[in-house]
Amino acid sequence: MRLSRYFVPILRETPKEAEIVSHRLMLRAGLVQQQSAGIYAWLPLGHRVLQKVCRIVREEQDRAGAIELLMPTIQSADLWRESGRYDDYGKEMLRIKDRHERDMLFGPTNEEMITSIFRSYVKSYKSLPLNLYHLQWKFRDEIRPRFGTMRSREFLMKDAYSFDIDQAGARHSYNRMFVAYLRTFARMGLKAIPMVADTGPIGGNLSHEFIILASTGESEVYCHKDFLDFDVPGAETDFEDVAGLQGIFDRWTSLYAATSEKHDAAAFAAVPEDRRVSARGIEVGHIFYFGTKYSAPMNATVAGPDGVERPVHMGSYGIGPSRLVAALIEAGHDEAGIIWPEAVAPFTVAVLNLKAGDSATDAACGALYTALKAKGVDVLYDDTDERPGAKFAKADLIGIPHQILVGPKGLAEGKVELKRRADGARELVSPSDALARFA
Ligand code: ATP
Ligand code: MG
Ligand code: MG
Ligand code: MG
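The structure contained in this document is the topic of the report that follows.

### A word on the coordination of the magnesium ion (ligand 4)
So, point 1. All of the protein donors around the magnesium ion (ligand 4) are E283 (OE) and H286 (ND1); their distances to the metal are 2.2 to 2.3 Å.
So, point 2. The distance between the magnesium ion (ligand 4) and the magnesium ion (ligand 3) comes to 3.1 Å, and E283 binds to both of them.
So, point 3. With relative accessibility at 25%, the residue E283 sits in the partly exposed group.

Below is the structure:
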């Protein structure tokens, strides 16, 4: 992409309405624009990051055996009357009437709809286990939308729903998502810790929130410090291996980690003092086993091997990609701007032309740009006629992990400068060596 033809609306002033650094940087770097309270347009740079986050989420869902589909945003109230949640949900639900005065709503989540899809088609245990997921916009009329896309009213969610014949099967389905989530967040360079979370009125202990420690997080959490150094399961993990996945789950839940709702002060006191972390965190994912809570009232039953019909055991599993974009910035920034991990950066490399109009510099930049594109590297070419200082500042603000600085002085010696955004490390190399660094 040539910056001169791209759309990166940088703000000069720091927006006053933004209270936390990720919100400030998302507005300043031109990632999003607020349309109404808690409702954002994703501008090209932000959209690229969101897409990269979603790609990692998808790859790990698919790896774990979940199957993608796409459900609508608008739902019929009748579905929610079946589960009894239409009245329970309260003001967070955006209720709409269509021209025939039928009650509709903008989906805040999809348990009811997926249960209705399931019951239309699946009749036998032979079709199980099944896990269906989608990435779709949700709407929740949050009392206090704030912190930009961290707590917005319209937000993107990956929500998966598992179906099993019994509790043992559901347990394995839960572990699949548990391990998929560990991998998903680690691939984005985040340390997300699974913490025992509230299951609400259904009880039981099978719910975990995946939390990133951050001072600006809205959750109060308590955990053992060693989790921060735990190894994440590799890509070779066998998701069919029931005992293997249970082993990973057991290890990752062997130490204390709980959200404030489930906090047990006595158990926490048993953690050695220098290993205790009592901090704030951001909920980036939440997994849940809820048995027959929806399948029983909604008659989603399947016949077992004995021919007897029984309500299917379900779980649901959510990740918030639009919240994650903000969380990634909370976890990666400095005074100059955003520091994206390579896996989700909008572009991997920026080529900065430090003297646009100088024929040798233009030619060297053009050659680098073309060669990087040909290799499939996401490259942003700053070919504008701004002065070098402004280009450095912009590249740092938008957080491109690698910058190649190309100017007449270096070129006279056959060199360009490679700069790494994360730590500012620089080195002089030949243009061909610079190229060879990128796959
Ligand atoms: P919170 O406690 O922050 O209100 P939640 O527990 O209500 O979140 P879930 O119903 O568990 O959220 O939804 C799954 C995921 O969707 C969350 O873990 C989070 O990543 C994301 N999410 C939920 N609400 C929002 C929101 N208002 N804005 C952005 N992302 C959200
Ligand atoms: Mg909520
Ligand atoms: Mg929550
Ligand atoms: Mg939650």
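Past the structure itself, the notes keep going.
### Thoughts on empty space enclosed by the protein
So, point 1. Under the defined criterion, the tally for this structure stands at one cavity of 30 Å³ or more.
So, point 2. Each pocket or cavity is described by its volume, and for the largest cavity that value is around 60 Å³.
So, point 3. Forming the boundary of the largest cavity are L3, A350, L352, L380, D382, K391, K394, A395 and I398.
So, point 4. Those elements giving two or more residues to the lining of the largest cavity turn out to be β19 (349-353), β20 (379-382) and α11 (388-398).
So, point 5. For the lining of the largest cavity, the element with the most residues is α11, which contributes four residues.
So, point 6. Residues of the lining of the largest cavity, tallied by class, amount to six nonpolar, no polar and three charged.

### Points about the packing of helix α6 (residues 167-187) against helix α7 (residues 242-252)
So, point 1. Running from N to C, α6 and α7 point in directions that differ by 60 degrees, and their axes come no closer than 9 Å. If you check the angle between α6 and α7, you find them oblique. For the pair α6 and α7, the sense of crossing is left-handed. The residues of α7 that touch α6, namely those facing R171, H172, Y174, N175, R176, F178, V179 and L182, are V242, L245, Q246, I248, F249 and W252.
So, point 2. Class assignment for the residues of the contact of α6 with α7 results in nine nonpolar, three polar and two charged.

### As for the sheet that holds strand β4 (residues 74-76)
So, point 1. With antiparallel pairing, three strands are arranged side by side in an open sheet as β4-β6-β5. Edge positions in the sheet fall to β4 and β5 (94-97), since each of these pairs with one other strand and no more. Sheet twist, expressed as the mean angle between neighbouring strand axes with direction ignored, is 40 degrees.
So, point 2. Bridge analysis of β4 against strand β6 (residues 103-106) gives three bridges, and the strand direction is antiparallel. Paired with I74 across the strands is F106, a residue of β6.

### Thoughts on the site of ligand 1
So, point 1. The local shell around ligand 1 holds 14 residues, among which E142, R151, S152, E283 and R323 are the closest.
So, point 2. Within the contact set of ligand 1, a nitrogen atom lies 3.5 Å away from a backbone nitrogen or oxygen of M150.
So, point 3. Contact distances for ligand 1 include 2.8 Å between an oxygen atom and a side-chain N or O atom of E283.
So, point 4. Here ligand 1 has 590 Å² of accessible area as a free molecule, and 81% of this is covered by the chains.
So, point 5. Comparing atom positions with the cavity grids shows ligand 1 to sit within the largest pocket.

### What about the sheet that holds β20?
So, point 1. Across the sheet, five strands lie side by side as β20-β19-β21-β22-β23; this open sheet has mixed pairing. In this open sheet, the two strands that pair with only one neighbour each are β20 and β23 (426-429). Averaged over all adjacent pairs, the angle separating strand axes in this sheet is 20 degrees, with direction ignored.
So, point 2. Here strand β22 (residues 416-420) runs beside β23; their pairing, made up of four bridges, is antiparallel. Opposite V416, over in β23, you have V429 as the bridge partner.
So, point 3. Each of β19, β20, β21 (402-406) and β22 touches α11; the most contacted strand, β19, lies at about 170 degrees to it.

Cut-offs and rules
Residues numbered from 1 in each chain as written. Chains lettered and ligands numbered in written order. Predicted model: local features only at pLDDT ≥ 70, side-chain atom pairs only at ≥ 80, totals over all residues. Heavy atoms only, no water. Donors = N, O, S within 2.8 Å, 3.2 Å for Na, K, Ca; no water. Buried < 20%, exposed > 50% of the residue type's maximum accessible area, 1.4 Å probe, protein only. 1 Å grid on protein atoms, 1.4 Å probe; cavity = no way out; pocket = protein on both sides within 12 Å on 5 of 7 lines; lining within 4 Å. Points joined across faces, edges and corners; volume = space filled by probe spheres on them. Helix = DSSP H or I, 4+ residues; strand = E, 2+ residues; numbered from the N terminus. Nonpolar A, V, L, I, M, F, W, Y, C, P; charged D, E, K, R; others polar. Axes fitted to C-alpha atoms, helices over the stretch in contact; angles between N-to-C directions. Parallel < 35°, antiparallel > 145°, perpendicular 65-115°, else oblique. Left-handed = near helix turned anticlockwise from the far one by under 90°. Contact = heavy atoms within 4.5 Å. Pairing = 2+ DSSP bridges. Near = heavy atom within 4 Å. Polar contact = N/O pair within 3.5 Å; in protein donor to acceptor, adjacent residues only side chain to side chain. Areas by Shrake-Rupley, 256 points an atom, 1.4 Å probe, with all protein chains shown as cover. Sits in = over half its atoms within 2 Å of the grid points.

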